[in-house]
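Spelled out from the first residue to the last, the chains are:
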Amino acid sequence: MSPERSVYSPERVAASPFTALGIAPALVGAALHEGYVTPTPVQCETIPSVLAGRDVLGCAQTGTGKTAAYVLPMLQRLDERRLPGVLRALVLAPTRELAAQIAGRVTAYGRNLGLEHTVLYGGVSQRGQERDLSRKPEVVVATPGRLLDLMRQRLVDLRALEILVLDEADTMLDMGFIHDVRQIIAAIPKQRQTLLFSATMPAPIAALSRTILSDPVRVSVTPRTLAAETVEQAVYFVGRPNKRSLLTKVLTQGGIERALVFTRTKHGADRVAKQLVRAGVGAAAIHGNKSQNARERALEAFRRGTTHVLVATDIAARGLDVQGITHVINYDLPNVAESYVHRIGRTGRAGAVGQAISFCDHEERGLLTDIERLIRRRIPVASAVRGG
Ligand code: AMP
């Protein structure tokens, strides 16, 4: 089933920074539909290079927006010259979950294009995938093992492939797929565009990239590592079930004018915001699942001060420009230590002292250690909250 089309007004599309990166209106419309306002750093660096036909070697972790960084320009290049019925782009991913997630992004970003695409992974019967392949997709997202099986049965033909993407190449290496990957690549024309993304660059991946990429543009999202000096940091050790009540206590103890609360998931952001509202704290959640209007309304209320608390995921908070945030609260610690630095950098700007409060449950101890190693200091443990 093709998703509902979403075409935005020419003015909205023209004003979008994605347009400035060279993205065509149909795809900008899809990005707007997703609630994307500002391209992430990896998108700013990757999109123009992919559109120009260059190979890319990207050092970027999940959560940086890397999927859109390659899917948007890849779809655009395919759409510029349509060849229905020809398999022209392949995205390889290490796990079934990631492959399914990427395929979901292809559906979302391609919603206005009507490009046939499918996802192939192991662990399920091949029958349905054979049926999908008989529809002659132009784009395939696959895990290496199942793809190789289907290639051996001559159910997939890569001879006309134009674009190859390897996502999470280092995980493919860890999972022992590198040999399969090499075999797959051997069946693809040399004359092609290749994009390789990896969070880390172990020697075998660096070697692979040298053999499969030609004069690549290197993209790496280097996070800031030094925590702003003007931010007072503290951590509460708290059991997961008690995080909710601790948050309400912290937020109602006074002195909090504008707080940004970070959760790991969109779902978590919604839950936390609802629970705060029930406890009488003016709060709203913002994340990519919300419509653009809902996001803008929530932001405006936060800027005006009618809502004191905004609950967000890392991605949703990106590009958020709100002055005078007095507190950043890490309801969940980020999986990637660098995100901690980005998060707390939201407060304490322009010489004002800000506070960063982190909740750390038993399972997050390791994440806290990573953060402390990165910022090269211990975060002081907070004393009990009044009334708690
Ligand atoms: P990724 O790193 O590709 O796994 O993306 C992580 C999350 O960021 C996904 O949920 C995307 O929907 C979201 N995302 C990607 N690009 C943007 C953007 N420019 N603005 C807001 N969210 C984005």
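Residues numbered from 1 in each chain as written. Predicted model: local features only at pLDDT ≥ 70, side-chain atom pairs only at ≥ 80, totals over all residues. Heavy atoms only, no water.

A. Representation of the overall build of the chain in the model. What the chain contains, in helices and strands, is 17 helices and 13 strands. Against the globule reference of 21 Å for 388 residues, the chain gives a C-alpha radius of gyration of 23 Å, in line with a compact fold. Considered along the principal axes of its C-alpha atoms, the chain spans approximately 70 × 45 × 40 Å. When burial is assessed residue by residue, the chain has 51% of its 388 residues classed as buried. At a minimum sequence separation of 6, the contacts of the chain that also span at least 24 residues come to 75%. (Helix = DSSP H or I, 4+ residues; strand = E, 2+ residues; numbered from the N terminus. Rg over C-alpha atoms; globule rule 2.2 N^0.38 Å. Buried < 20%, exposed > 50% of the residue type's maximum accessible area, 1.4 Å probe, protein only. Contact = heavy atoms within 4.5 Å.)

B. Highlighting the sheet that holds strand β13 (residues 354–360). Sheet architecture is open: six strands sit in the order β8-β13-β12-β9-β11-β10, paired in parallel fashion. Looking at strand neighbours, the two that pair on one side only are β8 (231–237) and β10 (283–286), the edges of this open sheet. The sheet shows a mean angle of 20 degrees between the axes of neighbouring strands, taken without regard to direction. Relative to strand β11 (residues 309–312), β10 is paired through four bridges, and the arrangement is parallel. Each bridged residue has a counterpart across the sheet, and for I286 the counterpart in β11 is A312. Across the face of the sheet, helix α14 (residues 292–304) comes into contact with β9 (259–262), β10 and β11 while running at roughly 140 degrees to β11. (Pairing = 2+ DSSP bridges. Axes fitted to C-alpha atoms, helices over the stretch in contact; angles between N-to-C directions.)

C. Seen up close, unusual backbone geometry. Backbone geometry at R154 places phi at a positive 60 degrees, although glycine is not the residue there. Residue position: R154 is located in the loop between α8 (144–152) and β5 (163–166). By relative accessible area, R154 is classed as exposed at 76%. Notably, E168 is not glycine yet its phi reads approximately 50 degrees, a positive angle. For E168, the location among the structural elements is in the loop between β5 and α9 (169–174).

D. Focus on the site of the ligand. Around the ligand there are 15 residues in total, and Y36, Q43, G63, G65 and T67 lie nearest to it. Within the backbone of K66, one N or O atom sits 3.3 Å away from an oxygen atom of the ligand. For the ligand, an oxygen atom lies 3.5 Å from a polar atom in the side chain of R105. For the shell around the ligand, a count of residues per class yields four nonpolar, eight polar and three charged. (Near = heavy atom within 4 Å. Polar contact = N/O pair within 3.5 Å; in protein donor to acceptor, adjacent residues only side chain to side chain. Nonpolar A, V, L, I, M, F, W, Y, C, P; charged D, E, K, R; others polar.)

E. Main features of the domain arrangement of the chain. In terms of domains, the chain is made up of domain 1 (10–222) and domain 2 (225–375). Between domain 1 and domain 2, the C-alpha centre-to-centre distance is 32 Å. Of the residues lining the interface, eleven residues belong to domain 1; the matching set on domain 2 comes to seven residues. Carbon and sulfur atoms supply 51% of the area buried between domain 1 and domain 2, which totals about 730 Å² over both sides. (Domains from an automatic or database assignment. Buried area = accessible area lost by both parts, 1.4 Å probe.)

F. Region of interest: the sheet that holds strand β3 (residues 117–120). Spatial strand order, β3-β4-β2-β5-β6-β1-β7: seven strands in an open sheet with parallel pairing. In the strand order of this sheet, the two ends are held by β3 and β7 (217–220), each with one partner. The average angle at which neighbouring strand axes cross in this sheet is 10 degrees, direction not considered. Pairing analysis gives four bridges linking β3 to strand β4 (residues 139–142), with the strands arranged parallel. Pairing of V119 across the sheet is with V141, part of β4. Packed on one face of the sheet, helix α5 (residues 66–80) meets β2 (89–92), β4, β5 and β6 (193–198) and runs near 170 degrees to β5.

G. Main features of the side chain of K243. Structurally, K243 can be placed in helix α12 (residues 243–252). Residue K243 is classed as buried on the basis of its relative accessible area of 0%. Within the local environment of K243, its side chain forms a polar contact with the backbone oxygen of Y331, the two atoms lying 2.8 Å apart. Not counting chain neighbours up to four residues away, the residues in contact with K243 comprise V238, Y331, D332, F359, D361 and E364.

H. Spotlight on the packing of aromatic side chains. In total, this model carries four aromatic pairs according to the counting rule given. The structure contains a cluster of three or more aromatic residues connected by ring pairs, namely Y236, Y331 and F359. Taking the ring centre of Y331 as reference, the NZ or CZ of K243 above it sits at 5.7 Å. Residue placement shows R365 over the ring face of F237; its charged tip is 4.0 Å from the ring centre. (Phe/Tyr/Trp six-rings, centres within 6.5 Å; stacked < 30°, edge-to-face > 60°. Lys NZ or Arg CZ within 6 Å of the ring centre and 35° of its normal.)

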